[in-house]
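# An overview of the molecular structure
This is what each chain is made of:
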Amino acid sequence: MSAIIQTRNFNLFYGTFHALKDVNIDIPKNMITSMIGPSGCGKSTLLRAYNRMNDLLEDVSVNGEVIVDGKNVNDPGMDLVELRKKVGMVFQRPNPFPLSVAENVLFSVKIHRSAAPKEYGDIIEKSLKAVDLWDGLKDKLNTSALNLSLEQQQRLCIARLLPVKPDILLMDEPCSALDPIATGHIEELMHHLKANYTIVIVTHNMQQAARVSDYTAYLYLGNLIEYDLTKKIFTVPKDRRTEDYLSGKFG
Amino acid sequence: MFKDRIVELKHKLIQDASLVEDMIGKSIRGLLDRNSGLLEEVINTYEPRVNDYDRDIEKMCVELIAQYEPVARDLRMVIMIIKMNKDLERMADHAVNICESGVFLLQNPVMTSSDDLRLMGENSVRMLKDSINAFVNEDVTLAQAVCERDSIVDDAGDKILKDLTELMRGKIDVIPRCLQLMRIAHNLERIADLATNISEEVIYIVEGRDVKHHPHD
């Protein structure tokens, strides 16, 4: 297993609250890894530690290491813009910009000036194709993204990350605002995307973790309790606490 | 995703069935052609491979249920594959029993006509082959035909039993060989029963209809 993210003795505090405790976990490249656990267990906090989104909150302190592609993201010299290009994020509710479909896809390219205008057409087509939106939207590129269905909006939010060529896609409850059919479609999309990207997903839906991920991490009260192949976690978990959580005895 | 995993699982079961089919065929051929090499091959080479398939398929089914919580037809498919896998593993054990008896018989002179055993063997293999074809093509008509053919094997088994009982009267020296032949007939009968089970399981997958123990429902 080649790890693209390594978390070493990582601790995170919100003020005095110890939210992540000595977490050690290797996230494998081109796989889907799920983080599961009851509310407040630290799974979203851990996800946000991978592209330092926790920096946006007040009074957060960390120690230990989060190494993404060989570099400790908490090093003072870390270029956060570069980090977040490499490690993109999709949120719970689709959050397209109030712009056209095309402008959404090109947003980061224009900010970073990472492509010439003559390449824009190609970028839009490739990005929308990667999330299976091209066929449905190729004639509606100038439509406002806010007019799309929730599922299309979430796909667009994923497409929006792709032009800056990320390696890792972080997804925080990406389907919680979607109906079961749309959820199935996004899960299938994740399955296709993993050929080119590493995906880390936080989900409250245990069955979603079971269905989509190759590896599953179970967190509880800021501790990483168990981390293994999803098929092992869901058939023969080693820790009793994982078993109790999976079988609904608590959480 | 679930669809791909089911395809992989079905593929694995078909490979397993083809091994078992070979085992039964070779056990009968080894016995009737007095070829001990075939009998040894079934015992030493084939059986461990079928055991590996048994473990792998069972594990795949458990993981599929845990990860995807299948329902309706998908659930019937996974649960029936668990049963078919067991049926195949039992068939392989029966083939080994036949070979073990065969090894004994090959060390002794031929005693009776082998027509009925051949009939049982050929029918058992064909029943297994057809039940797996019914599974692959989800062909209920073929599955039903397999269930109906079970009586051919049962009748041949009854005839062998009767003939051997007759033969044993007053002839102590033939008893060990007769007992081994009876064991072989019994094992072939069980193989045919298990092929029938697979066909019943196919009907349950395709139509959700349970025809076990009451085939005319």
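Below is a short write-up of the structure.

Parameters at a glance
Residues numbered from 1 in each chain as written. Chains lettered and ligands numbered in written order. Predicted model: local features only at pLDDT ≥ 70, side-chain atom pairs only at ≥ 80, totals over all residues. Helix = DSSP H or I, 4+ residues; strand = E, 2+ residues; numbered from the N terminus. Buried ≥ 20, exposed ≤ 12 C-beta atoms within 10 Å, placed from the backbone. Pairing = 2+ DSSP bridges. Axes fitted to C-alpha atoms, helices over the stretch in contact; angles between N-to-C directions. Core = buried A, V, L, I, M, F, W, Y, C linked by C-beta atoms within 7 Å. Contact = placed C-beta atoms within 7 Å. Nonpolar A, V, L, I, M, F, W, Y, C, P; charged D, E, K, R; others polar.

### Things to note about the overall build of chain A
Regarding its fold elements, chain A presents 10 helices and 10 strands. The C-alpha extent of chain A, read off along each of the three principal axes, is 55 × 45 × 35 Å. Expressed as a percentage of the 251 residues in chain A, the buried residues total 43%.

### Notes on the sheet that holds strand E1 (residues 3-14) of chain A
All names here are of chain A. Pairing is antiparallel in the open sheet, where 4 strands are placed in the order E2-E1-E4-E5. Edge positions in the open sheet fall to strand E2 (17-28) and strand E5 (71-72), since each of these has one partner strand only. With 8 bridges connecting them, E1 and strand E4 (residues 60-68) associate as antiparallel partners. Bridging from a neighbouring strand, Tyr14 pairs with Val60 of E4.

### As for the sheet that holds strand E6 (residues 87-90) of chain A
Residue and element names in this part refer to chain A. The sheet built from 6 strands is open, its strands ordered E6-E7-E8-E3-E9-E10 with mixed pairing. Of all the strands in the sheet, the pair left with one neighbour each is E6 and strand E10 (223-229). Sheet twist, expressed as the average angle between the axes of neighbouring strands with direction ignored, equals 20°. In this sheet, strand E8 (residues 198-202) lies alongside strand E7 (residues 168-172) in parallel orientation, the contact comprising 5 bridges. Counterpart to Ile168 in the pairing with E8 is Thr198.

### Describing the pairing of E6 of chain A
All names here are of chain A. Neither face of E6 is left uncovered, since the one carrying Val87 and Met89 and the one carrying Gly88 and Val90 both have all their residues buried. The pairing of E6 with E7 spans 4 bridges and is parallel. Counted as the bridge partner of Gly88 is Leu169 from E7.

### Quick notes on the environment of Asp172 of chain A
Residues and elements named next belong to chain A. Its place among the elements puts Asp172 in strand E7. Given 19 C-beta atoms within 10 Å, Asp172 falls into the partly exposed group. Linking Asp172 and Ser61, residues 111 residues apart in sequence, is a C-alpha distance of 21 Å.

### As for the nonpolar core
One finds Tyr50, Ile168, Leu170 and Val200 of chain A to be the most contacted residues of the largest nonpolar core, which totals 69 residues. Once residues lying within four places of it in the same chain are set aside, the contact partners of Val200 of chain A are Ile27, Thr33, Met35, Leu47, Tyr50, Ile168 and Leu170 of chain A. One finds Tyr53, Met91, Ala92 and Leu117 of chain B within the second-largest nonpolar core, a separate group that totals 61 residues.

### Considering the pairing of E10 of chain A
Residues and elements named next belong to chain A. Note: strand E9 (residues 215-220) against E10, 6 bridges, orientation antiparallel. Within E10, the position partnered with Thr216 by the bridge is Asp228. A loop of 2 residues connects E9 with E10, the two strands running antiparallel in sequence, and Leu221 in this loop sits at a positive phi of about 50°.

### Considering the interface of chain B and chain A
With 7 residues of chain B at the interface, the matching set in chain A holds 9 residues. Considered class by class, the residues forming the side of chain B that touches chain A number 4 nonpolar, 1 polar and 2 charged.

Such coordinate-based values are descriptive only and should not be taken to indicate function.
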